[in-house]
Amino acid sequence: MQRQILNVSVVNMYIQQIFDAEEMLHGICVCGEVSGYKNVKGHAYFTLKDAQGQIACICYNAARTYMPKEGELVLVTARVDYYPKLGKLSLYCDAIEPYGAGLMAARLEKLRLQLEAEGLFADAHKIPIPKFCKRIGVVTSASGAVIHDIVTTIRRVNHNIDIVLYDVRVQGERCAEEVARGLRVMDARGYDAILVARGGGSAEELMPYNDEVVVRQIYACNTPILSAVGHESDVTLCDMVADMRCATPTAAAQAIAYPTDDIREFAIDCMRRAESVCKRAIQRASEQNIGYGRMINRLFENYYSNLTSKLNQYITKINYLGEKQRSVREAELRLLSAKLDACNPIRILQRGYWRMQSNGKTQVGIEGLCVGAEVTMIGHSGKAKAKITEIEYEA
């Protein structure tokens, strides 16, 4: 039996005819969550999804119907279309109606309210970004354009800041885990600031930056965190908990990249102000020293005057006491002199007494004398030799 061989285009045309002929697939109402919504030249392109599947959707002249938000649950009135040229199945939407906030958006809003109630978004917990950073860490993908934009923007005005990259996935299942780990590692290294950055994307692609583990890790960091996730219109929980939210990664780089000329001008201004302060301080100190000198002179003059006065008083008192003491001593001396004069042997001799010497020694009694012994008699006016002729002892 000979096999029938068909071209791809023929098969695709058969499939298209089947879908076109099937009335059940025309004017159907489909419920799903909007993802990747884009408006190109007035036409909307997006994906409609639920927990078990997804399907591409096209809505021409989208302005005539409802324009949904990312993650919103909607109802679309559409027909199933098969595009044979690309072999692609799509829903051609005639109308779009809102149908609740969407599961992803609802979960996100619930988490936001919980974290807000815990105070994670409060300004009181936010750390100021240093004005002049020396070392910064960047948590983003090494292969994306984001790190290139950040480095280029900073290097345009500053070549002194050290930029260290921690490479992570920026979307997908493991993204949140890697970003949280990168923040934890960078925070432990003591950088001046950390940038969490990612380019634009769909709400689904940005969901890791709404993950609770990332939000809590940013809150736990001691290093100031700058968040630059998505485009300006994208606001994630990561932006809300960060110490500074930047519209784009380039804006974050601009917030960090102070021009080196500013540092030079700042240093010169500081030197000028320091010089002015020093001059004023020296002037004040000089004036104070002059005042202190005058005060010290006055103190010394007063002290010298008081000391001179006291010294004169002491001299007067000493002279008085000395004169008094001299008078007393003179009186005592006269008394002693009179007593001494009264005891003077010469005075005794002048009254008729004689002093006798025997063998050159004064003889105070008759002991040792004998009759016939020669003695010397000393009187007031001279000496005389005598001989003992008789000795009498008192009874």
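We now turn to the structure provided with this report. (Residues numbered from 1 in each chain as written. Predicted model: local features only at pLDDT ≥ 70, side-chain atom pairs only at ≥ 80, totals over all residues. Heavy atoms only, no water.)

Considerations on the overall build of the protein chain
Scanning the protein chain for helices and strands turns up ten helices and 14 strands. Its C-alpha atoms give the protein chain a radius of gyration of 62 Å, more than 25% over the compact-globule value 21 Å for 395 residues. For the protein chain, the spread of C-alpha atoms along the principal axes amounts to about 210 × 55 × 40 Å. Within the protein chain, the fraction of its 395 residues that count as buried is 30%. For the protein chain, contacts bridging at least 24 residues in sequence account for 61% of all contacts bridging at least 6. With the model as given, the accessible surface of the protein chain reaches about 26,000 Å², and the carbon-plus-sulfur share is 56%. (Helix = DSSP H or I, 4+ residues; strand = E, 2+ residues; numbered from the N terminus. Rg over C-alpha atoms; globule rule 2.2 N^0.38 Å. Buried < 20%, exposed > 50% of the residue type's maximum accessible area, 1.4 Å probe, protein only. Contact = heavy atoms within 4.5 Å. Areas by Shrake-Rupley, 256 points an atom, 1.4 Å probe, with all protein chains shown as cover.)

Concerning the environment of Pro-249
Mapping Pro-249 onto the fold places it in helix H8 (residues 249-256). Along the backbone, Pro-249 and Ile-391 are 142 residues apart, and their C-alpha atoms lie at a distance of 151 Å. Pro-249 has contacts with Val-146, Ile-150, Ala-197, Arg-198, Ala-228 and Gly-230, leaving out every residue within four places of it along the chain.

Focus: the packing of helix H3 (residues 145-155) against H8
Relative orientation of the contacting elements H3 and H8 amounts to 30°, with a least axis distance of 8 Å. Relative to H8, H3 is oriented roughly parallel. Here the hand of the crossing between H3 and H8 comes out right-handed. In this structure, H3 contributes Val-146, Asp-149, Ile-150, Thr-153 and Ile-154 to the contact, and H8 contributes Pro-249, Thr-250, Ala-253, Gln-254 and Ile-256. Its residues assigned to classes, the contact of H3 with H8 shows six nonpolar, three polar and one charged. (Axes fitted to C-alpha atoms, helices over the stretch in contact; angles between N-to-C directions. Parallel < 35°, antiparallel > 145°, perpendicular 65-115°, else oblique. Left-handed = near helix turned anticlockwise from the far one by under 90°. Nonpolar A, V, L, I, M, F, W, Y, C, P; charged D, E, K, R; others polar.)

Focus on the packing of aromatic side chains
Using the criterion set out here, one finds four aromatic pairs in the structure. With centroids separated by 5.0 Å and ring planes inclined at 85°, the aromatic side chains of Phe-132 and Tyr-258 adopt a geometry described as edge-to-face. One end of the pair, Phe-132, is in the loop between helix H2 (103-117) and strand S6 (135-140); the other, Tyr-258, is in the loop between H8 and helix H9 (260-342), with 126 residues separating them in the sequence. Judged by its relative accessible area of 14%, Tyr-258 is buried. (Phe/Tyr/Trp six-rings, centres within 6.5 Å; stacked < 30°, edge-to-face > 60°.)

Concerning the pairing of S6
Burial of S6 is extensive: five of the six residues sit out of reach of the surface. Looking at chain direction, S6 and strand S7 (residues 162-167) are connected through six bridges and run parallel. Opposite Val-138, over in S7, you have Leu-165 as the bridge partner. For the segment spanning S6, H3 and S7, crossover handedness is right-handed. Taken together, the four bridges between S6 and strand S8 (residues 193-198) define a ladder with parallel strand orientation. Opposite Ile-136, over in S8, you have Ala-193 as the bridge partner. (Pairing = 2+ DSSP bridges. Right-handed = clockwise from strand over helix to strand, strands pointing away.)

Let's talk about unusual backbone geometry
Of note, Lys-41 is a non-glycine position whose phi angle comes to about 55°, a positive value. With respect to the helices and strands, the residue Lys-41 is situated in the loop between strand S1 (28-40) and strand S2 (43-49). Even without being a glycine, Asn-61 presents a positive backbone phi close to 55°. Along the chain, the position of Asn-61 falls in the loop between strand S3 (54-59) and strand S4 (73-83).

Describing the nonpolar core
Side chains that are nonpolar tend, in soluble globular proteins, to be buried together. By size, the foremost hydrophobic cluster in this structure holds 28 residues, and its most contacted members are Val-139, Val-179, Leu-183, Tyr-209 and Ile-225. Of all the elements, helix H4 (residues 175-188) adds the most residues to this core, at five residues. Aside from chain neighbours lying at most four places away, what touches Val-139 is Tyr-166, Val-168, Val-179, Gly-182, Leu-183, Met-186, Ile-194, Leu-195, Val-196 and Ala-197. Core analysis: the second largest hydrophobic core is formed by 20 residues, Ile-154, Ala-193, Leu-195 and Tyr-258 among them. (Core = buried A, V, L, I, M, F, W, Y, C linked by side-chain atoms within 4.5 Å.)

Structural notes on the pattern of salt bridges
Taken as a whole and judged by the stated rule, the model has 13 salt bridges. A salt bridge links Arg-79 to Asp-81, with the nearest nitrogen and oxygen atoms 3.2 Å apart. Arg-169 serves as the salt-bridge partner of Glu-178, at 2.3 Å between the closest nitrogen and oxygen. Several salt bridges converge on common partners, so that one network encompasses Glu-109, Arg-112 and Glu-116. (Salt bridge = Lys/Arg side-chain N within 4 Å of Asp/Glu carboxyl O.)

A look at the sheet that holds strand S10 (residues 244-245)
Pairing in this open sheet of five strands is parallel, and the strands run S7-S6-S8-S9-S10 from one edge to the other. This sheet does not close on itself; its edge strands, each paired only once, are S7 and S10. Sheet topology note: the strand S9 (residues 225-229)/S10 ladder contains two bridges and is parallel. Within S10, the position partnered with Ser-227 by the bridge is Arg-245.

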